[in-house]
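# Close look at the chain arrangement
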Amino acid sequence: MSAEAADREAATSSRPCTPPQTSWFEFLLEEQLLEQHLRKPSPDPPPVQLIVQFLEQASKPSVNEQNQVQPPPDNKRNRILKLLALKVAAHLKWDLDVLEKSLSVPVLNMLLNELLCISKVPPGTKHVDVDLSSIPPTTAMAILLYNRWAIRTIVKSSFPVKQVKPGPPQLNVMNQMQQEKELTENILKVLKEQAADSILVLEGALKLNKDLYVHTIRTLDLLAMEPGMVNGETESSTAGLKISAEEIQCQVCYDLGAIYFQQGATNAALHENAKEKFFKTRELIARIGSLSLHCTIDEERLAGYCQACGVLTSSDDDASQQATPYNQIDNCLKTGNYQDLVKIFLEDNLALSLPVQFRQSVQRELFQNALQGNDALEEVCFKICVCNTVRDILQGEIIDVQFCLLFLKPNKEKIDFLLEACSRSINLENASESLKRKMASFLKNLCLGLEDLQLVFMISSHDLFIKLLKDDERKLLIDEMRKRSPRINLCTKPVTSFYDIPASASVNIGQLEHQLILSVDPWRIRQILIELHGMTSERQFWTVSNKWEVPNVYGNVILGIKDNLTRDLVYILMAKGLHCSAIKDFVHAKQLFAACLELVTEFSPKLRQVMLNEMLLLDIYSHEAGPGANGERPPSDLISRVRGYLEMRVPDIPLRQVIAEECVAFLLNWRENEYLTMQVPLPLVQTNPYVKLGQLLAATCKELPGPKESRRTAKDLWEVVVQICSVSNQHKRGNDGRVSLIKHRESTLGIMYRSELLSFIKKLREPLVLTMILSLFVKLHNVREDIVNDITAEYISIWPSSIPNLQSVDFEAVAVTVKELVNYVLTINPNNHFWLIIQADIYFATNQYSAALHYYLQAGAICSDFFNKMVPPDVFTDQVIKRMIKCCSLLNCHTQVAILCQFLREVDYKTAFKALQEQNSHDAMDSYYEYIWDVTILEYLTYLHHKRGETDKRQIAIKAIGQTELNASNPEEVLQLAAQRRKKKFLQAMAKLYF
């Protein structure tokens with residue numbers, strides 16, 4: 001054996017062996033083993049794990065001879081196991097903090113119920129009915145422990161819990177977790193139902209002025225040794241571990257305060273109770289000392305509770321109101337005293353008493369309020385942000401992005417306050433050299449980031465700046481700033497001088513990268529990149545921000561540029577331009593794209609064409625969001641450029657599909673149907689699906705008023721859409737030999753995917769095109785064989801009435817598409833009554849009757865000046881009225897049904913009489929009688945109420961029928977006017993009800 005092997009053997013043989021873990025059943029076999037085990041410094045398994053094992057074994061169900069699951073038997077083995085679990089808990093001195101931390105709710109619930117049982121509390125007894133002063137101390141303590149745990153568990157359940165990251169899925173583990181979760185929820189439900197009783201029990205405990213006792217291992221052994229007693233039915237009243245009255249009151253006060261504070265979210269008055277209990281707890285801790293063995297309270301958490309209660313409650317007692325910064329800040333926010341708020345933050349920059357997270361939360365709240373339209377907060381937001389930034393600088397933290405955004409446009413007032421904040425945040429006499437250097441570095445970098453020399457002079461001439469920076473440093477900085485050239489405007493700069501801007505002085509790479517991320521000025525971006533490449537040639541600065549995204553079709557070309565600086569500059573300019581375009585900042589997007597175009601023109605015709613295409617898309621977006629939104633037609637040169645893009649045939653140019661989509665949508669929105677139908681090149685129609693779709697849409701719209709023979713294009717469009725909505729069916733043989741049908745929702749049978757078609761449609765705004773597309777999908781939806789309620793739409797007759805292969809169409813996807821389209825078109829024009837009728841029909845078909853009535857009535861209100869004029873008969877057709885009748889009937893509004901029956905061309909007396917016979921009506925019933933103009937219905941009502949003995953309602957009906965304008969001898973014009981007036985009032989009443 002070699003020397004190394006001998007050494008390894010000797011080391012291995014001398015290594016101590018880990019003793020095997022003691023199994024739970026060994027404690028059943030040897031009585032003294034448990035106490036010996038618990039006396040070890042680090043027992044394995046630990047005490048809490050033993051509790052789980054003992055109770056788990058004692059609660060295992062048994063299986064009888066018929067394989068039926070039976071509850072756990074009450075035998076000697078299980079009783080000993082439960083007793084062992086109680087002994088371990090007694091060893092832990094019944095410390096709920098320890099037990100709650102390590103035991104689940106079901107296990108701890110079982111343990112405490114066993115404690116109640118052994119302490120002679122009969123099962124099912126309401127604890128609130130027990131007089132704690134008249135029962136043995138150990139029994140009273142057991143009841144207190146259980147009820148303290150109950151409310152602590154309720155409070156703990158209200159806190160958000162971080163989800164544990166699941167491991168690999170295992171069926172048995174997942175089942176156990178699910179069972180435990182359901183059991184925990186059931187226990188919590190019971191505890192919450194009994195919460196009021198638990199609170200009363202603990203309030204009663206505060207009135208006890210005597211010491212209590214809790215079971216120890218010795219007392220539990222004594223109970224076990226008494227003959228003939230199951231689970232210990234007798235005990236010595238003063239045996240066990242003594243807990244003083246003050247310790248009990250302290251712990252109970254804290255737990256009550258926590259539950260009152262939690263309930264204060266729904267009942268603010270309970271915050272006063274919580275405050276009283278927490279302050280009492282604080283007094284008791286001061287009296288008994290924080291080192292009490294049996295009173296374990298987190299004093300930091302208690303201080304937080306007291307602080308929160310002081311903010312949430314008001315008191316006339318000035319002594320009770322501690323003038324802490326938290327109280328002061330809360331009062332400032334409530335009263336709008338923002339001047340004092342800024343003062344508190346400045347003072348705290350020296351005191352450092354407020355946590356950084358709290359200061360940031362106040363800042364976020366102010367910014368949120370400012371975003372909601374409170375313009376007066378803008379200055380306050382800036383000042384609080386400056387205070388927090390100065391605090392971060394002195395603590396060596398990174399400068400917040402919000403501060404950089406607020407300083408994009410510095411001015412004299414901002415610089416004045418910043419210098420004031422810096423001066424008041426550092427005591428130069430007592431400050432360390434480290435703090436001074438941090439503040440000096442911040443002021444120096446601030447000067448380097450400013451372009452206005454007057455603002456730089458304000459900082460450099462300030463007393464704080466002069467004291468912090470040495471003479472040589474100040475002179476060098478000022479000289480550098482004076483040498484800097486002024487900022488150059490892009491729109492006045494010639495193309496040939498793009499590279500002629502001198503770079504400014506170099507600063508920290510991290511700061512420059514930060515400026516690069518924030519800047520949208522192309523000339524500043526180029527300047528920063530020159531400085532960065534001058535510092536290091538190893539970095540790829542286009543990767544600085546993961547938010548800079550360029551389409552893959554462009555990325556491969558741009559990243560192929562050999563010169564690193566040019567590659568970074570082109571990539572960043574394009575990425576920033578695309579981002580500005582996406583957030584509708586078209587001015588900066590145009591500047592960035594123009595600079596990029598200027599740059600790539602010199603070396604890459606391919607990228608030049610790419611930038612021209614992107615600038616075309618930008619001009620389309622800009623017009624649609626600006627003048628186009630007000631109905632102003634685009635200039636002719638923009639239309640020509642759009643046509644030119646569609647007809648472009650330059651090889652090897654990377655193209656984005658979205659540009660073709662937007663161009664076709666642009667032409668459709670501005671009714672360039674003549675070009676799309678007659679002038680677009682045939683090869684383009686065959687190769688570009690969006691052009692083909694646009695041509696079919698334009699041709700169908702163009703031929704809409706024509707005769708039936710001219711609907712060939714409508715049929716072509718129908719076939720294209722049906723193919724897009726069709727699914728490809730495949731058969732697959734399973735393991736059992738059966739053949740199953742697989743449907744692919746997004747098939748490639750059509751010229752594009754359904755999701756792509758929907759995305760394209762949502763770029764359209766032309767009402768006729770949208771109406772026609774909606775009509776097509778409605779017809780396709782109605783073709784379905786199992787359809788019960790058809791949806792109506794304009795121009796629905798131009799589409800084919802059948803499909804050869806119904807099984808191939810994904811009608812579920814069609815139904816979803818119809819809903820999405822209706823929602824979209826109503827965002828374009830929420831006052832189009834035909835679109836509103838379609839929305840109502842959809843709700844009717846899906847049994848949402850109240851919503852259906854809402855849209856039916858909205859359609860009628862829009863085209864009749866809120867029913868002051870007659871609703872056109874093509875809006876309130878007989879079919880619409882019948883559907884409104886059915887909606888009211890299914891909503892049990894039977895009087896409304898009877899009134900609507902009058903709206904039909906021929907009054908439906910059968911339905912009206914049947915509705916009026918219903919006595920369980922959920923509408924205003926006889927209050928609606930004044931809206932009935934049909935004498936026959938009123939006569940029937942009179943008869944019906946007389947038959948039922950309803951005298952009051954009969955009188956209302958007689959009053960309605962007795963009005964002179966309803967006299968059958970009146971001229972037809974008078975009768976129609978009376979009917980029209982009642983229609984108006986009834987529909988307005990319905991609108992108020994369903995809107």
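Okay, so let's go over this structure. Everything numeric here is computed off the predicted structure, so don't read it as measured data. (Residues numbered from 1 in each chain as written. Predicted model: local features only at pLDDT ≥ 70, side-chain atom pairs only at ≥ 80, totals over all residues. Heavy atoms only, no water.)

## What about the overall build of the chain?
The helix and strand inventory of the chain stands at 47 helices and six strands. Residues counted as buried form 45% of the 995 residues belonging to the chain. Relative to all contacts within the chain whose residues are 6 or more apart in sequence, the contacts with residues 24 or more apart total 67%. On the chain, roughly 52700 Å² of surface is accessible, and the fraction owed to carbon and sulfur atoms is 52%. (Helix = DSSP H or I, 4+ residues; strand = E, 2+ residues; numbered from the N terminus. Buried < 20%, exposed > 50% of the residue type's maximum accessible area, 1.4 Å probe, protein only. Contact = heavy atoms within 4.5 Å. Areas by Shrake-Rupley, 256 points an atom, 1.4 Å probe, with all protein chains shown as cover.)

## Quick notes on the environment of leucine 512
Topologically, leucine 512 is positioned in helix α25 (residues 509-518). Judged by relative accessible area, which is 1%, leucine 512 ranks as buried. The spatial distance from the C-alpha of leucine 512 to the C-alpha of leucine 529 is 8.5 Å, given a sequence separation of 17 residues.

## What about a nonpolar patch on the surface?
There is a patch of nonpolar side chains on the surface, built from Val401, Leu405 and Leu408 and spanning about 260 Å² of accessible area. Within the element layout of this structure, leucine 405 appears in helix α19 (residues 401-406). (Patch = residues over 30% accessible without salt bridge, like charges linked within 9 Å, V, L, I, M, F, W, Y side chains within 5 Å. Salt bridge = Lys/Arg side-chain N within 4 Å of Asp/Glu carboxyl O.)

## Examining the pattern of salt bridges
One pass over the structure, following the stated rule, counts 27 salt bridges. Of the charged contacts in the structure, one is a salt bridge between glutamate 614 and arginine 656, with a shortest N-O distance of 3.0 Å. Taken together, the residues glutamate 614 in helix α30 (residues 605-625) and arginine 656 in the loop between α31 (636-647) and α32 (657-669) connect sequence positions 42 residues apart. Each member of the pair, glutamate 614 together with arginine 656, is buried. One salt bridge connects lysine 763 with glutamate 662, and the closest N-O pair in it is separated by 3.1 Å. Residue lysine 763 is located in the loop between α37 (754-761) and α38 (767-782), and its partner glutamate 662 is located in helix α32; the two are separated by 101 residues in the primary sequence. Its relative accessible area of 22% is what places lysine 763 among the partly exposed residues.

## Overview of helix α21 (residues 433-449)
Here α21 is 17 residues long and its end C-alpha atoms lie 24 Å apart, about the 24 Å a rise of 1.5 Å per residue gives. Every buried residue of α21 is accounted for by Met439, Ala440, Phe442, Leu443, Leu446, Cys447 and Leu448. (Expected span 1.5 Å × (residues − 1).)

## Points about the packing of helix α39 (residues 811-828) against helix α40 (residues 833-845)
Remark: α39 packs on α40, axes separated minimally by 10 Å, with the N-to-C direction vectors making an angle of 145°. The crossing of α39 and α40 is left-handed. In contact with Val818, Lys819, Val822, Asn823, Val825 and Leu826 of α39, α40 contributes Trp835, Leu836, Ile838, Gln839 and Ile842. Residues belonging to the contact of α39 with α40 are distributed by class as follows: eight nonpolar, two polar and one charged. (Axes fitted to C-alpha atoms, helices over the stretch in contact; angles between N-to-C directions. Left-handed = near helix turned anticlockwise from the far one by under 90°. Nonpolar A, V, L, I, M, F, W, Y, C, P; charged D, E, K, R; others polar.)

## Remarks on the packing of aromatic side chains
For any two aromatic rings, the description comes down to two numbers: the centre-to-centre distance and the angle of the planes. Counted by the stated rule, this structure contains 18 aromatic pairs. Judged by centre distance (4.2 Å) and plane angle (20°), the rings of phenylalanine 913 and tyrosine 940 are stacked. Within this pair, whereas phenylalanine 913 is found in helix α44 (residues 909-917), its partner tyrosine 940 is found in helix α45 (residues 935-948), the two being separated by 27 residues in sequence. Judged by relative accessible area, tyrosine 940 falls into the buried class, the value being 14%. Three or more aromatic residues link up through ring pairs in this structure, and these residues are Phe903, Tyr928, Tyr931, Trp933 and Phe986. Lying across the ring of phenylalanine 279, lysine 275 places its NZ or CZ 5.9 Å from the centre. We note arginine 282 situated over the ring of phenylalanine 279; from NZ or CZ to the ring centre the distance is 4.5 Å. (Phe/Tyr/Trp six-rings, centres within 6.5 Å; stacked < 30°, edge-to-face > 60°. Lys NZ or Arg CZ within 6 Å of the ring centre and 35° of its normal.)

## Section: unusual backbone geometry
The phi dihedral of tryptophan 94 is positive, around 55°, even though this residue is not glycine. Looking at the secondary structure, you find tryptophan 94 in the loop between α5 (76-91) and α6 (96-102). The class for tryptophan 94 is buried, based on a relative accessible area of 4%. Backbone geometry at leucine 352 places phi at a positive 55°, although glycine is not the residue there. Inspection of the secondary structure puts leucine 352 in the loop between α16 (338-351) and α17 (356-371). Judged by its relative accessible area of 45%, leucine 352 falls in the partly exposed class.

## Remarks on the environment of glycine 555
Of note, glycine 555 is situated in helix α27 (residues 552-558). Judged by its relative accessible area of 9%, glycine 555 falls in the buried class.

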